[in-house]
Amino acid sequence: MQNLHQLKESPSQTAGPYVHIGCMPNFLGNTGTYPVDLGVSPMLDGALGQAITITGRVIDGAGMVLRDVMIESWQADAAGHYPGQPGADANVTGWARFAADFDTGFWTLHTIKPGRAPAPNGQLMTPHIALWIVARGINIGLQTRICFADEAPANAACPVLARVEHKDRIATLLAHATAPGTYSFDIHLQGDAETVFFDI
Amino acid sequence: MPDTAPATGPLIGRDRNWHPPAYTPHYKTSVTRAPQRALVALGSTLTEETGPAFGHSILGPLDNNLILNFTGQPAIGERIIVHGRVLDDSARPVPGVLVEIWQANAGGRYRHKKDGYLAPLDPNFAGCGRAITAPDGRYEFLTVRPGAYPWPNRTNDWRPMHIHFSVFGTGFGQRLITQMYFEGDPLIARCPIVNTVPSADGVGQLVAPLDMNAAIPMDCLAYKFDIVLRGRRQTRFENRLEGM
Ligand SMILES: [Fe+2]
């Protein structure tokens, strides 16, 4: 038989508890190497759309809040265009990186609410922010999405949410408004409220 | 012009048998942090096929020189070059992507508020570096060999010498964090984090060989570490699943 000559993806390893040293040194207090951390905001002044703030925690199977988790987010602009696509808002960079507070475990993302981007079949996905979650004890980054409870019609028509077989679990992907422009989104790694994670 | 990895197109699914599973009880912290439900399988969408891009303007001149990039005075330790390429599944270079590393100092101590190991901090070592891959996919760091260190897990677990790597592709779905180990380290086989990788071949992919051809006489040794990102499908026959 012939050889495919294909390489395997490098196996993932945990980010460990010290991920901030490499990825968010200024957040950690290790100033002096990089002027600023990358990904402190997914947008520039003048980004179009509704400014929103999402706060949350990542909670383990014992109910403990992770204080060493780092999260990255990636999203479309208010019209559903990703950075680099034709027509995309030049003030939306789309990518952010944030960590749990070392004391409280809360993380915060200030962004704009994304628009609906097309799925491969042309149907529109519901407004969403993709998350990639790494921490000590997580062997390979976890992929999930923040969707919005106040986008019920778009959620109902979303081909990605339709992939979730157990419909009661869709609620784990919904951020809830706690005040105008402010949302709450906790991520549960295990248990009855375990968040839906994707294999993408 | 080299044949480089495509920057658009559907991502090839991850081989979950090649990567560590989430639940690996010898690495104790994974027990309460491993999702227990099956992952929801999803072909890549525009969200995962696009991703952030970083220009060379973010880089300072010493960003890939961990020996000098904290205070300008040299860090203590065995000087080494760590270099390699970022490749796709067809061994094509992935140019222009960000590679970030972090590591303990020569004594095995991290500059982090949560690390209380008794080995001292090096006042001239922060332990972070970054680079953007060249058109041929290459990156290069100058650093010191990190020390092994003990960690609370089983009664006497030690991490082998290692460097943490964070790598971007051209799509957010290619995001990867891994660790590089050093050829010949007897602690590799004993490490429960290394051994979350299911196969010996997979572990071997994370062990960098000594590279005497890249070592600089009377200056530093070198280790070569290639990183492979998941690839993109290139078939011209593209059917879309109903409902997606
Ligand atoms: Fe480490």
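Within each chain, residue numbers correspond to sequence positions counted from 1 in written order. Working convention: letters from A go to chains and numbers from 1 go to ligands, in the order in which they are written. Only residues with pLDDT of at least 70 get local features here, since the model is predicted, and only at 80 or more are side-chain atom pairs given and counted; chain-wide, interface and lining totals rely on the full set of residues.

- Chain B appears in an unreviewed UniProt entry as Protocatechuate 3,4-dioxygenase subunit beta from Fertoeibacter niger.
- UniProt positions are given in the numbering used here, feature names are shortened, and annotations may be inferred rather than shown by experiment. Under the Sequence similarities (unreviewed entry) heading, UniProt states for chain B: "Belongs to the intradiol ring-cleavage dioxygenase family."

### Observations concerning the overall build of chain B
Then comes step 1: Numbered from the N terminus, helices here are DSSP runs of H or I no shorter than four residues, and strands are runs of E no shorter than two. Counting its regular elements, chain B contains 3 helices and 12 strands.
Then comes step 2: Taken over C-alpha atoms, the radius of gyration comes to 19 Å for chain B, in line with the 18 Å a tight globule of 244 residues would show.
Then comes step 3: Taken along the three principal axes of its C-alpha coordinates, chain B extends 60 × 45 × 30 Å.
Then comes step 4: This entry defines residue contacts through backbone-placed C-beta atoms, with two residues in contact when those atoms are within 7 Å. Sequence-distant contacts in chain B: of pairs separated by 6 or more residues, those separated by 24 or more amount to 71%. Each radius of gyration reported is based on C-alpha atoms, and the globular scaling rule is 2.2 Å times the count of residues to the power 0.38.

### Quick word on the overall build of chain A
Then comes step 1: The helix and strand inventory of chain A stands at 3 helices and 11 strands.
Then comes step 2: Along chain A, helices and strands appear, N-terminal first, in the series α-α-β-β-β-β-β-β-β-α-β-β-β-β.
Then comes step 3: The globule rule puts the C-alpha radius of gyration for 200 residues at 16 Å, and the 18 Å found for chain A is close to it.
Then comes step 4: Expressed as lengths along the three principal axes of its C-alpha atoms, the size of chain A is roughly 55 × 45 × 40 Å.
Then comes step 5: Any residue with 12 or fewer other C-beta atoms within 10 Å of its own C-beta is exposed, any with 20 or more is buried, and the rest are partly exposed; the C-beta atoms used are placed from the backbone. Among the 200 residues that make up chain A, the fraction classed as buried is 49%.
Then comes step 6: Sequence separation of at least 24 residues holds for 67% of the intrachain contacts in chain A that already meet a minimum separation of 6.

### Observations concerning unusual backbone geometry
All names here are of chain B.
Then comes step 1: Positive phi values are uncommon outside glycine, yet alanine 91 reaches one of about 65°.
Then comes step 2: Relative to the helices and strands, alanine 91 is located in the loop between strand E2 (79-87) and strand E3 (98-102).
Then comes step 3: When the 16 C-beta atoms within 10 Å are taken as the criterion, alanine 91 is described as partly exposed.
Then comes step 4: Despite not being glycine, methionine 218 has its phi angle at roughly 65°, a positive value.
Then comes step 5: For methionine 218, the location among the structural elements is in the loop between strand E10 (207-208) and strand E11 (221-224).
Then comes step 6: By C-beta crowding, methionine 218 is classed as exposed, having 5 other C-beta atoms within 10 Å.

### A closer look at the interface of chain A and chain B
Then comes step 1: Listed by partner, the interface residues are 63 residues for chain A and 71 residues for chain B.
Then comes step 2: Broken down by secondary-structure element, the contributors of at least two residues to the side of chain A that touches chain B are helix H1 (19-23), helix H2 (25-28), strand E3 (70-75), strand E6 (129-134) and strand E11 (198-199) of chain A.
Then comes step 3: For the side of chain A that touches chain B, the element with the highest residue contribution is H1(A), accounting for 4 residues.

### Section: the UniProt feature "domain: Protocatechuate 3,4-dioxygenase beta subunit N-terminal" (unreviewed entry) in chain B
Then comes step 1: Sites flagged by UniProt as "domain: Protocatechuate 3,4-dioxygenase beta subunit N-terminal" (unreviewed entry) map to residues 14-42 of chain B.
Then comes step 2: End-to-end, the C-alpha atoms of residues 14-42 of chain B are 11 Å apart, and along that stretch the chain is 14% helix and 7% strand.

### Examining the nonpolar core
Then comes step 1: The nonpolar core is taken to be a set of buried Ala, Val, Leu, Ile, Met, Phe, Trp, Tyr and Cys residues joined by way of C-beta atoms within 7 Å. Val69(A), Met70(A), Ile133(A), Val134(A), Val86(B), Val99(B) and Val167(B) are the most contacted members of the largest nonpolar core, which totals 105 residues.
Then comes step 2: Considering each element in turn, this core owes the most residues, 6 residues, to E6(A).

### As for the sheet that holds E3(B)
Residues and elements named next belong to chain B.
Then comes step 1: The strand order across the open sheet built from 5 strands is E4-E3-E8-E9-E10, with neighbouring strands paired in mixed fashion. Sheet topology places strand E4 (128-132) and E10 at the edges, where each strand pairs with a single neighbour.
Then comes step 2: Strand pairing is assigned whenever DSSP identifies at least 2 bridges connecting the two strands. Bridge count for strand E9 (residues 176-182) against E10 is 2 bridges, and the pairing is parallel. Bridge pairing in E10 places tyrosine 181 opposite valine 207.

### Quick notes on the environment of His56(B)
Then comes step 1: Mapped onto the secondary structure, His56(B) falls in the loop between helix H2 (46-49) and E2.
Then comes step 2: For the pair His56(B) and Leu42(B), spaced 14 residues apart in sequence, the C-alpha to C-alpha distance is 33 Å.

### A look at the pairing of E6(A)
Residues and elements named next belong to chain A.
Then comes step 1: With 6 of 6 residues buried, E6 is to be regarded as a mostly interior element.
Then comes step 2: The side-chain alternation of E6 yields two buried faces, one formed by Ile129, Leu131 and Ile133 and the other by Ala130, Trp132 and Val134.
Then comes step 3: Bridge count between E3 and E6: 6 bridges; the pairing is antiparallel. Within E6, the position partnered with methionine 70 by the bridge is valine 134.
Then comes step 4: Relative to strand E7 (residues 142-148), E6 runs antiparallel, the two sharing 5 bridges. Within the sheet, the bridge partner assigned to isoleucine 133 lies in E7 and is leucine 142.

### A few points about the UniProt feature "domain: Intradiol ring-cleavage dioxygenases" (unreviewed entry) in chain B
Then comes step 1: As recorded in UniProt, the sites labelled "domain: Intradiol ring-cleavage dioxygenases" (unreviewed entry) are residues 50-231 of chain B.
Then comes step 2: Within the segment residues 50-231 of chain B, helix and strand shares are 3% and 29% respectively, and the terminal C-alpha atoms sit 13 Å apart.

### Topic: the confidence of the model for chain B
The predicted coordinates ought not to be read in detail in places where the model reports low pLDDT.
Then comes step 1: Averaged over all residues, the pLDDT of chain B equals 96, while 95% of them reach at least 70.
Then comes step 2: Both confidence scores are given for the complex: pTM 0.97, ipTM 0.98. On a range of 0 to 100, pLDDT expresses the predictor's confidence in each residue.

### Here we look at the environment of Asn17(B)
All names here are of chain B.
Then comes step 1: Positionally, asparagine 17 belongs in the segment before helix H1 (30-33).
Then comes step 2: Judged by the 9 C-beta atoms lying within 10 Å of it, asparagine 17 falls in the exposed class.
Then comes step 3: Taking the C-alpha atoms as reference, asparagine 17 lies 29 Å from aspartate 136; in sequence the two are 119 residues apart.

### A few points about the environment of Gly46(A)
Residue and element names in this part refer to chain A.
Then comes step 1: Note on placement: glycine 46 falls in the loop between H2 and strand E1 (51-56).
Then comes step 2: Under the C-beta neighbour-count criterion, glycine 46 is labelled exposed, with 9 such atoms within 10 Å.
Then comes step 3: Taking the C-alpha atoms as reference, glycine 46 lies 30 Å from valine 69; in sequence the two are 23 residues apart.

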